[in-house]
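Descriptive analysis of the structure
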Amino acid sequence: MKSLLYQYFLVAAMMTLLLFLTSFWLPQRTVQDCALLWLPCLSDSNNKVPQVVVVRSDVKAHSTNIVIRSDVINPKPDIIPDCPEQHFQVPHLLLYLDSALGPDSDVLLEPYLLCWEELIKFMEALGPLVGFFTYKVQEKINLIRHLTEEESAKHRLLTLPNTNSLLLTLEPHSHTYHSVRSMLDRELQLGVVSFDRQTPSGSRTLLRLHRSLMWLQLLLVKLWLEPGHMRRSLGEVCEEAYNEALAPYHPWLLQRVARLAFKAMPEHTVLLGMVCVNTHEEAEPIIRTIVTAINEVHHRTQTELERRNMLDLP
């Protein structure tokens, strides 16, 4: 009977969470907005819109073995192979973290977002009930990318000769959303960042991702690198890291659902397979490398937000 009641409570909690998430205010566009942004507005079959070709400057192509060269991430370059049949790949994450380190201690946005897309795969391996985290993270990634493409469309829209196509170039440094620093400064200049109310700005969205990155960093440290970590369950460590990094910013309902999800997590030995090792001793240097890389990106982002008093945006 208790088991049945628990299942009913679980379903009710997840449905409540779904209603809570879908009730969030989303930015709306008007016809005037799309005209000002040089974007296609509402169209009909008689209105021919030129084809848009997006040329994106990607991070370096993946290889089977990726060498991490950044002195910040690892003073002695290590070769970490891909892990066959695993969705989450440590080499890809380290590549994106390394590529996100821009000049003058800046953080490049596109590699930063690619880091998060790889971390989503990591979170998905923690169990299906962590889906509410991954859903919100993906939503934030999409919002920043949307703002990036809008800004690029305004400044880098070129007409190809003798064609009915448009070329939209997204080369690095071609627009003001190419890095954390440039995005924060641009949005402050435009006045789209509010210190009193919630706005769908890239700065506020970045702050939410920034806090979540701290949660993952704390999780890895507590799970693998702290003394006595072998005696603790994955759910216990996740909840402790959550209480430190995210719970102070979440409403009561979301905190309750998060703690419910942590109780349903698998044993932390499942993470050994994610990094293709058999023992905690083999995993420790890999996890330490990941934590060091995340810490550098987090520290740089923290510095930029703190300089602009953006650590407590509503």
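The rules behind each value
Residue numbers here run from 1 along each chain, matching the order of that chain's written sequence. Per-residue local features are limited, in this predicted model, to residues with pLDDT of at least 70; the limit for side-chain atom pairs, both in listing and counting, is 80 or more; totals at the level of whole chains, interfaces and linings are taken over all residues. Calculated side-chain values reflect all of the structure's heavy atoms, with hydrogen atoms and water omitted. An axis is simply a line fitted to the C-alpha atoms; with a helix, the fit covers only the stretch in contact. Between two such axes, the angle follows the N-to-C directions and lies from 0 to 180 degrees. Secondary structure counts use DSSP, requiring at least four H or I residues in a row for a helix and at least two E residues in a row for a strand, with both numbered from the N terminus. Put simply, angles under 35 degrees are roughly parallel, angles over 145 are roughly antiparallel, angles from 65 to 115 are roughly perpendicular, and the rest are oblique. We call two residues in contact when some of their heavy atoms are within 4.5 Å. The nonpolar class holds Ala, Val, Leu, Ile, Met, Phe, Trp, Tyr, Cys and Pro. Asp, Glu, Lys and Arg form the charged class, and all remaining residues, Gly among them, are polar. Take the buried residues of types Ala, Val, Leu, Ile, Met, Phe, Trp, Tyr and Cys, join any two whose side-chain atoms come within 4.5 Å, and each joined set is a nonpolar core. Burial status follows relative accessibility: with a 1.4 Å probe on protein chains alone, a residue under 20% of its type maximum counts as buried, one over 50% as exposed, and anything between as partly exposed. By convention in these notes, a salt bridge is any Lys or Arg side-chain nitrogen within 4 Å of a carboxyl oxygen on Asp or Glu. Between the rings of Phe, Tyr and Trp (Trp by its six-membered ring), a pair exists once the centres lie within 6.5 Å; its type follows the angle of the planes, with under 30 degrees stacked, over 60 edge-to-face, and the other angles tilted. Any residue with an atom within 4 Å of a point lines the site, the site being either a cavity, points on a 1 Å grid over the protein atoms alone where a 1.4 Å probe fits but cannot get out, or a pocket, an open set with protein on both sides within 12 Å along at least 5 of 7 lines. Grid points are joined across faces, edges and corners, and a volume is the space filled by probe spheres set on the points. Rotating anticlockwise by less than a right angle from the far helix to the near helix defines a left-handed crossing, while the corresponding clockwise rotation defines a right-handed one. Counted as a polar contact is a pair of N or O atoms within 3.5 Å, where, for protein atoms, one must be capable of donating a hydrogen and the other of accepting one, and residues adjacent in sequence contribute only when both atoms are in side chains.

Axis angle and axis distance: for two packed helices, these are the angle between their axes and the distance between the axes, and together they describe the pair. Interaxial distance between helix H6 (residues 180-190) and helix H7 (residues 202-225) falls to 9 Å at its minimum, and their mutual angle equals 140°. Taken together, the axes of H6 and H7 lie oblique to each other. Together, Val180, Met183, Leu184 and Glu187 of H6 and Gly202, Ser203 and Leu206 of H7 make up the contact between the two elements. For the contact of H6 with H7, the residue count by class is 4 nonpolar, 2 polar and 1 charged.

This paragraph deals with the nonpolar core. With 77 residues, the main nonpolar core has Trp116, Phe122, Met123, Phe133 and Trp215 as its most contacted residues. The element best represented in this core is H7, accounting for 11 residues. Residue contacts for tryptophan 116: discarding those within four places in its chain leaves Met123, Val137, Ile141, Leu209, Ser212, Leu213 and Leu216.

Take the pattern of salt bridges next. The final tally for this structure, using the stated rule, is 16 salt bridges. The partner of arginine 145 in a salt bridge is glutamate 117, with the nearest N and O atoms 2.7 Å apart. Of this pair, arginine 145 sits in helix H5 (residues 131-155) while glutamate 117 sits in helix H4 (residues 109-124), and the two are 28 residues apart along the sequence. With a relative accessible area of 15%, arginine 145 lands in the buried category. Counted as one network, the salt bridges with shared partners bring together Arg181, Asp185, Glu304, Arg307 and Arg308.

The next subject is the packing of aromatic side chains. This structure, assessed with the given rule, holds 6 aromatic pairs. With 5.6 Å between their ring centres and 65° between their planes, tyrosine 242 and phenylalanine 262 make a pair best called edge-to-face. Pair noted here: tyrosine 242 is in helix H8 (residues 234-245) and phenylalanine 262 is in helix H9 (residues 252-263), with a separation of 20 residues, a long-range link. This pair shows no difference in class: tyrosine 242 is buried, exactly as phenylalanine 262 is.

With that out of the way, let us pick up empty space enclosed by the protein. Summed over all chains, the structure comprises 1 cavity of 30 Å³ or more. As a volume, the largest cavity reaches approximately 110 Å³. Lining the largest cavity, in full, are Phe88, Leu93, Leu119, Phe122, Leu216, Leu220, Trp224, Leu271, Met274, Val275, Ile287 and Ile290. Secondary structure elements with two or more residues in the lining of the largest cavity: H4, H7, helix H10 (270-274) and helix H11 (280-307). The dominant element in the lining of the largest cavity, judged by the number of residues it contributes, is H7, at 3 residues. Per-class residue counts for the lining of the largest cavity are 12 nonpolar, no polar and no charged.

Okay, H6 next. Residues of H6 that are buried: Val180, Ser182, Met183, Leu184, Arg186 and Glu187. One or two steps after H6, the chain reaches glycine 191, where phi turns positive at roughly 75°.

So, on to unusual backbone geometry. Even without glycine at this site, aspartate 104 takes up a positive phi of about 55°. In this structure, aspartate 104 sits in the loop between helix H3 (90-99) and H4. With a relative accessible area of 66%, aspartate 104 lands in the exposed category. At serine 105, a residue that is not glycine, the phi angle is positive and equals roughly 65°. Along the polypeptide, serine 105 turns up in the loop between H3 and H4.

What follows is about the environment of threonine 303. Examined against the element boundaries, threonine 303 turns out to sit in helix H11. Measuring from C-alpha to C-alpha, the distance between threonine 303 and arginine 181 comes to 9.8 Å, with 122 residues separating the pair along the chain.

So, on to the packing of H6 against H11. Running from amino to carboxyl end, H6 crosses H11 at an angle of 20°, the nearest separation of the two axes being 10 Å. For the element pair H6 / H11, the angle class is roughly parallel. Seen from above, H6 lies across H11 with right-handed handedness. Contacts from Val180, Arg181 and Leu184 of H6 reach H11 at Thr301, Glu304, Leu305 and Arg307. In terms of residue class, the contact of H6 with H11 is built from 3 nonpolar, 1 polar and 3 charged.

To continue, consider the environment of tyrosine 135. The residue tyrosine 135 is located in helix H5 in this model. The class for tyrosine 135 is partly exposed, based on a relative accessible area of 40%. The spatial distance from the C-alpha of tyrosine 135 to the C-alpha of isoleucine 120 is 9.0 Å, given a sequence separation of 15 residues.

Before going further, it helps to examine the environment of serine 201. In this fold, serine 201 is placed in the loop between H6 and H7. When the C-alpha atoms of serine 201 and methionine 183 are compared, they prove to be 9.8 Å apart, with 18 residues separating the residues in sequence. Once residues within four sequence positions are removed from consideration, serine 201 is found in contact with Leu143, Leu147, Glu187, Val192 and Val193. A polar contact of 3.2 Å, which involves the side chain of serine 201, links it to the backbone nitrogen of arginine 204.

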